[in-house]
Amino acid sequence: MEHLITPDNYTSPLTIRETEVAIKEVKDHFERALAKSLHLTRVSAPLFVKPESGLNDNLNGVERPVSFGIREQEDAPAEIVHSLAKWKRYALKRYDFHSGEGLYTDMSAIRRDEDTDNIHSIYVDQWDWEKVISKEERNTETLQYTVRKVYSALKETEEFMSRRYNYIEPFLPDEITFITSQELEDLYPGADAKEREYRIARAKGAVFISQIGKVLSSGEKHDGRAPDYDDWELNGDIIVYYPVLDIALELSSMGIRVDEEALRRQLKAAGCEDRAELEFQRLLLNGQLPYTIGGGIGQSRICMLYLRKAHIGEVQSSIWPKEMLEEASSHNINLL
């Protein structure tokens, strides 16, 4: 169990039943705001995929997917998704989406190797979205424009919830700040990545840290990224300062996806060139998939943020270590 943060004198203004109602309000409003802001169409999505498809997100390359055999198919294996980062791009082609059009879906995942704490659970729920762009739009201007669109939906939802519940005071700034991972390392030399995120989030309120996955001048990465979906030069995280826990809270990971050149370069840098033989990667290298931008936005995390909860387990039902359940309960944090 990771360190559990227990705010002094914490009590939730909402009962469990009131919280469930509020969760629905958050999700309904934000989903509509996001779809309108980015011109997205809702689609259905898989809970599991075949390993040989190459569609599963291998995250940092060490996390183990939950797998099972399918009796009807002679126990052929299937994997619970880690995320739909690659599936969405495949779906845009299959469903005949064109430039400027996009999709979003509800994604549910199990991350069995996650260390649980106030903001991490082995159950992950998020809105996964993806949009077709032209090759010429694969640039920083497109990325920042889209980040601002996503942030406007986040800001609008906070304002909506503050009108619905009088205990919620808006604190997200009007504008989001942009900074690269290298600029952030240069700004706070000697601090590790998490400390740098905390300092910039507290200073700015909301920040987009870009270029995540590549090696910085220190010889370290700001954070890990799989080499076969985001372009490490054109991606990043939306992070806000969350005063209830006094932390930097990541709400979204997003980016312009790899083209053929970036995929080859990043597979080589990651030492996993063998992934080029998987179905999804072969389609991409052969120019058979559209150029896209996309991301994921944590559903439980934004519910936690807007409802001013101290633990993600107050807005989602999961499994927690016994010690965490006991300590949380002793500090008025009631996990579902």
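By the naming in an unreviewed UniProt entry, the protein chain goes by Aspartate--ammonia ligase and is assigned to [Clostridium] hylemonae DSM 15053. In its Sequence similarities (unreviewed entry) section, the UniProt record describing the protein chain reads: "Belongs to the class-II aminoacyl-tRNA synthetase family. AsnA subfamily."

Considering the sheet that holds strand β4 (residues 76-80)
The antiparallel open sheet is built from three strands, whose spatial order is β2-β4-β3. Both edges of this open sheet fall to β2 (48-49) and β3 (67-70), since each of them pairs with a single strand only. Taken together, the four bridges between β3 and β4 define a ladder with antiparallel strand orientation. Residue isoleucine 70 lies in a different strand from β4, and its bridge partner there is alanine 76.

Here we look at helix α2 (residues 87-94)
The periodicity of an α-helix, 3.6 residues per turn, causes residues three or four places apart in sequence to face the same way. Taken residue by residue, α2 has Trp87, Lys88, Arg89, Ala91 and Leu92 as its buried positions. Structurally, α2 contributes buried residues whose contacts are with β5 (102-110), β6 (123-132), β10 (247-257), α7 (279-285) and β11 (292-298). In the stretch just after α2, aspartate 96 is the one whose phi turns positive, near 65 degrees.

Regarding the pairing of β4
Sheet topology places β2 next to β4; two bridges connect them, and they run antiparallel. Paired with phenylalanine 48 across the two strands is isoleucine 80, which belongs to β4.

What about the pattern of salt bridges?
Under the counting rule described, the total for this entry stands at 24 salt bridges. In this structure, the salt-bridge partner of arginine 64 is aspartate 113, at a minimum N-O distance of 2.8 Å. Pair noted here: arginine 64 is in the loop between β2 and β3 and aspartate 113 is in the loop between β5 and β6, with a separation of 49 residues, a long-range link. Relative accessible area serves as the criterion here: at 44%, arginine 64 is assigned to the partly exposed category. On the basis of relative accessibility, which here comes to 30%, the residue aspartate 113 falls in the partly exposed class. With a closest N to O distance of 2.9 Å, glutamate 130 and arginine 257 form a salt bridge. Residue glutamate 130 is located in strand β6, and its partner arginine 257 is located in strand β10; the two are separated by 127 residues in the primary sequence.

What to know about the packing of helix α3 (residues 140-164) against helix α8 (residues 299-307)
Close contact between α3 and α8 brings their axes to 10 Å; oriented N to C, the two are set at 45 degrees. By the angle class used here, α3 and α8 are oblique. The two elements α3 and α8 meet at a crossing, and its hand is right-handed. Residues Leu154, Thr157, Glu158 and Met161 of α3 pack against Ile302, Tyr306 and Leu307 of α8.

Notes on the UniProt feature "domain: Aminoacyl-transfer RNA synthetases class-II family profile" (unreviewed entry) in the protein chain
UniProt annotation of "domain: Aminoacyl-transfer RNA synthetases class-II family profile" (unreviewed entry) refers to residues 112-321 when read in the numbering used here. Spanning residues 112-321, this segment combines 34% helix with 24% strand, and its end C-alpha atoms are found 13 Å apart.

Comments concerning the packing of aromatic side chains
The tally for this structure, following the rule as stated, stands at six aromatic pairs. Between tyrosine 165 and tyrosine 167 the ring centres are 6.4 Å apart and the planes differ by 70 degrees, which places this aromatic pair in the edge-to-face class. Here tyrosine 167 falls in the partly exposed class, since its relative accessible area comes to 24%. If you follow arginine 164 out to its NZ or CZ, it ends over the ring of tyrosine 165, 5.6 Å from the centre.

Looking at the pairing of strand β8 (residues 206-210)
The two faces of the sheet receive side chains in turn, since in a regular strand these alternate between them. In terms of burial, β8 is largely enclosed, as five of its five residues are buried. Covered by surrounding structure in β8 are Ala206, Phe208 and Ser210 together with Val207 and Ile209, the residues of both alternating faces. With four bridges joining them, strand β7 (residues 177-180) and β8 adopt parallel strand pairing. Along β8, the bridge assignment pairs phenylalanine 178 with phenylalanine 208. The pairing of β8 with strand β9 (residues 230-242) spans five bridges and is antiparallel. Paired with alanine 206 across the two strands is valine 240, which belongs to β9.

Points about helix α1 (residues 16-38)
Helix length check: α1, at 23 residues, gives a terminal C-alpha distance of 33 Å against a target of 33 Å (1.5 Å per residue), a fit within 8%. Histidine 39 sits one or two residues past α1 and shows a positive phi near 60 degrees.

Side note on the environment of serine 99
Tracing the sequence through the fold places serine 99 in the loop between α2 and β5. Separated by eleven residues in the primary sequence, serine 99 and lysine 88 place their C-alpha atoms 14 Å from one another. Those residues in contact with serine 99, other than ones at most four positions away along the chain, are Val132, Ile133, Ser134 and Glu137.

Regarding the sheet that holds β7
With mixed pairing, eight strands are arranged side by side in an open sheet as β1-β5-β6-β11-β10-β9-β8-β7. Every other strand in the sheet has two partners, leaving β1 (40-42) and β7 as the edge strands with one partner each. Geometrically, the sheet is characterised by an average inter-axis angle of 25 degrees between neighbouring strands, direction not taken into account. One ladder, built from seven bridges, connects β6 with β11; its direction is antiparallel. In the strand pairing of β11, glutamate 130 is matched with glycine 294.

Each value, and the rule that gives it
Residues numbered from 1 in each chain as written. Predicted model: local features only at pLDDT ≥ 70, side-chain atom pairs only at ≥ 80, totals over all residues. Heavy atoms only, no water. UniProt positions renumbered as here; feature names shortened; annotations may be inferred. Pairing = 2+ DSSP bridges. Helix = DSSP H or I, 4+ residues; strand = E, 2+ residues; numbered from the N terminus. Buried < 20%, exposed > 50% of the residue type's maximum accessible area, 1.4 Å probe, protein only. Contact = heavy atoms within 4.5 Å. Salt bridge = Lys/Arg side-chain N within 4 Å of Asp/Glu carboxyl O. Axes fitted to C-alpha atoms, helices over the stretch in contact; angles between N-to-C directions. Parallel < 35°, antiparallel > 145°, perpendicular 65-115°, else oblique. Left-handed = near helix turned anticlockwise from the far one by under 90°. Phe/Tyr/Trp six-rings, centres within 6.5 Å; stacked < 30°, edge-to-face > 60°. Lys NZ or Arg CZ within 6 Å of the ring centre and 35° of its normal. Expected span 1.5 Å × (residues − 1).

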